[in-house]
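Chain and residue survey
So you can see what is in the structure, the chains are spelled out below.
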Amino acid sequence: MKTCLSLLVLAGMAASSCAQPVTRSWDPLLDTLQTRTIRWFLETSDPATGMTPDRSPTPSPASIAAIGFALTSYPIAAERGIITRAEALLRVRNTLRHLLSLPQGAQSQGVAGYRGFFYHWLRLSDNTREWNCELSTIDTGLLMAGVLFAQSYYNGPAAAEREIREMADSLYRRVDWIWLSEGRAGLAYAWYPERGMSKDSWFGYNEAMVMYILAFGSPTHPAPPEGWRHWISRYVWGNFYGLDFVNFGPLFGHQYSHCWIDFRGIADAYMREKGIDYFENSRRATVSHRLYAAHNPRSFADYADTVWGLTACDGPRDTTFTVMGRERTFQTYAARGVSVDWSFDDGTIAPTAAVSSLPFAPGICLQAVRALRTKYGSAVWRQYGFVDAFNPTYRTSATPSGWFDPDYVGIDQGPIVLMIENYRNGRVWEVLKKNPYVITGLKKAGFAGGWLEHTPP
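Residues numbered from 1 in each chain as written. Predicted model: local features only at pLDDT ≥ 70, side-chain atom pairs only at ≥ 80, totals over all residues. Heavy atoms only, no water.

1. Description of helix α3 (residues 64–79)
Note that an α-helix has 3.6 residues per turn; residues three or four places apart therefore point the same way. Note the cut-off: Only DSSP runs of H or I reaching four residues or more are called helices, and only runs of E reaching two or more are called strands; each is numbered from the N terminus. Given the number of residues in a helix, its expected span is that number minus one, multiplied by 1.5 Å. Note on exposure labels: buried denotes an accessible area under 20% of the residue type's maximum, exposed denotes more than 50%, and partly exposed covers the range between, all computed with a 1.4 Å probe on protein chains only.
Over its 16 residues, α3 runs 24 Å from end to end, which matches the ideal 22 Å to within 8%, given 1.5 Å per residue. Where burial is concerned, most of α3 is hidden: 15 out of the 16 residues are buried. G81 sits one or two positions beyond α3 and adopts a positive phi of about 80 degrees.

Written out as structure tokens, the structure is:
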């Protein structure tokens, strides 16, 4: 094991000198996976309102972040010939119209949001706040990424496309990022009508990078760009499994912002000092997860160099018991990940973790896609692609072969669709490169170089 691990580490270190994948191969399995995953959005989202459930088949409220992924997935569905361009346009237009029509206000019930932000979850009956949840900054940010993608994708002269651009503009311009940054260095996590603004603000490397960029780019209520210094001030640069990078345990933190923004060849001041870009950083994080699984220090079932991937996902149950000779603690939904400064692993693997890193490390990610499909068959591969997660270590009398999730989760389905498309042709990246708000946000955060040098000031 030590010899094999050493060889894997050396391979990872050698590859880390390249900011781009050296070779790209295509597997028809990716076409099938992307199509099945797109159909989850098409068949679970309400075509009249655009409300996308947090998960299925377990009943759930709508997820604002999942709607952002859906808005990006519909045009991809048209490009792939799954639906027509007219059908995709109708879904996008209905979604934006409905979002604009939902009530906003400071009251605790009967509204969908406040100051342009939306609540994390909306009840399906009337699309207002569910579960006394938070007014979510990151989930609104992910929604706005999808909104701006729609704005730039539908760039034709037809009245319907002009309407989409105008509605997207209205949704984005009314988000009051200034309000969330008042009295603090960065953007607040959340706001609650019952108790006000959260004390904590977003900092350190995680999924919120795209949110900050969109907050800086606002022409109406921009967050002060000084917030980027707060954001990077708690970065953890360290060596994990032979690779130096900005650490964050769950892979979704290395993927979400990259779903929409092409970070290849552009860098802020922090990454210029390190000599890499955020794309390369995510590649190293991806490779480190594979190396960790090959090492398998806690002896979880089935971990290998082709079976790996930790991220936020469903899990079997909140419980502790002895299995495979060890007392182990398991959880239901949780952020799972490994890094130099923080790790949580209970043996739960999420297929989205490897699939959504395809652009960063296609060779090892394609191996994982094939291995998961072959090894577990219909236990993980079903109507809408891969189920959200599985845990082969969770062995009980009821689950002698391990636990396999019955659900699909929207915020894990979305990155699969978008990152397969970016791996295929960079489509989502190319569309957002034309959005002036994204460009402004990147430049205010100090990004320069690469494709950004060829955009208007």
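Moving on from the coordinates now.
2. Some words on empty space enclosed by the protein
Let me state the cut-off plainly: Cavity means a closed set of points on a 1 Å grid over the protein atoms alone, one where a 1.4 Å probe fits but cannot get out, pocket means an open set with protein on both sides within 12 Å along at least 5 of 7 lines, and lining means a residue has an atom within 4 Å of a point. Grid points are joined across faces, edges and corners, and a volume is the space filled by probe spheres set on the points.
Per the stated rule, a full pass over the model turns up 4 cavities of 30 Å³ or more. Taken as a whole, the largest cavity spans an internal volume of roughly 40 Å³. What lines the largest cavity is P351, T352, F386, V387, D388, Y408, V409, D412, Q413 and I416. Secondary-structure elements contributing two or more residues to the lining of the largest cavity are α13 (351–355), β19 (408–409) and α15 (410–425). Top element by residues in the lining of the largest cavity is α15. It accounts for 3 residues. Size it by volume and the second largest cavity reaches roughly 40 Å³.

3. So, the side chain of R91
Under the convention used in this document: Positive charges come from Lys and Arg, negative ones from Asp and Glu, while His and the chain ends are left out of the count. What makes a salt bridge here is a side-chain nitrogen of Lys or Arg within 4 Å of a carboxyl oxygen of Asp or Glu, nothing more. Contact definition: two residues touch when any of their heavy atoms are within 4.5 Å.
As for its placement among the helices and strands, R91 is situated in helix α4 (residues 85–101). One buried charged residue, R91, remains without a salt bridge, the closest side chain of opposite sign being D46 at 7.4 Å. Not counting residues within four places of it along the chain, the set of residues in contact with R91 comprises F41, L42, S45, P47 and Y74.

4. Considering the environment of D46
Selection criterion: Pairs of N or O atoms within 3.5 Å make up the polar contacts considered here, provided that, within protein, one atom can donate a hydrogen while the other can accept it, and that residues adjacent in sequence are counted only when both atoms are side-chain atoms.
Looking at the secondary structure, you find D46 in the loop between α2 (28–44) and β1 (55–56). The exposure class assigned to D46 is partly exposed, which follows from its relative accessible area of 34%. For the pair D46 and N94, spaced 48 residues apart in sequence, the C-alpha to C-alpha distance is 9.6 Å. A polar contact is formed between the side chain of D46 and the backbone nitrogen of A48, at a distance of 2.8 Å.

5. Brief notes about the sheet that holds strand β7 (residues 190–192)
Stated formally: A pair of strands is considered paired only if DSSP assigns at least 2 bridges between the two.
The antiparallel open sheet is built from 3 strands, whose spatial order is β6-β7-β8. The open sheet has two edge strands, β6 (135–136) and β8 (196–197), and neither has a second partner. Here β7 runs beside β8; their pairing, made up of 2 bridges, is antiparallel. Across the sheet, the residue bridging to W191 is M197, located in β8.

6. Observations regarding the pattern of salt bridges
On inspection of all chains with the given rule, the structure shows 23 salt bridges. Its salt-bridge partner being R80, residue E421 comes within 2.8 Å of it at the nearest N-O pair. Of this pair, E421 sits in helix α15 while R80 sits in the loop between α3 and α4; the two residues are 341 residues apart in sequence, bridging distant segments of the chain. For E421, a relative accessible area of 0% translates into the label buried. Among the salt bridges present, the one from E163 reaches R93, with a minimum N-O distance of 3.8 Å. Of the two residues, E163 is situated in helix α6 (residues 159–173) and R93 in helix α4; the sequence distance between them amounts to 70 residues. Among the residues examined, E163 registers a relative accessible area of 22% and is labelled partly exposed.

7. Topic: the nonpolar core
As a reminder of what qualifies: Buried Ala, Val, Leu, Ile, Met, Phe, Trp, Tyr and Cys residues that are joined via side-chain atoms within 4.5 Å together make up what is termed a nonpolar core.
If you look at the biggest cluster of nonpolar residues, it comprises 148 residues, and the most contacted ones within it are W228, W260, Y278, L442 and F447. Among the nonpolar cores identified, the runner-up in size contains 7 residues, and C313, V323, F330 and A389 belong to it.

8. What to know about the packing of aromatic side chains
Rule in force here: Centres within 6.5 Å make a pair out of two Phe, Tyr or Trp rings, where for Trp the six-membered ring is used; the pair is then stacked when the planes are under 30 degrees apart, edge-to-face when over 60, and tilted otherwise. Charges are assigned to positions over rings by a cutoff of 6 Å between ring centre and Lys NZ or Arg CZ, combined with an angular limit of 35 degrees from the ring normal.
If you walk through the whole model with that rule in mind, you get 42 aromatic pairs. Between W231 and Y235 the ring centres are 6.4 Å apart and the planes differ by 80 degrees, which places this aromatic pair in the edge-to-face class. We classify W231 as buried; its relative accessible area is 0%. A relative accessible area of 9% places Y235 in the buried class. Taken together, the ring pairs in this structure connect Y205, Y212, F216, W228, W231, Y235, F263, Y270, Y278 and F447 into an aromatic cluster. Positioned above the aromatic ring of F279 is the side chain of R264, whose terminal nitrogen or guanidinium carbon lies 6.0 Å from the ring centre.

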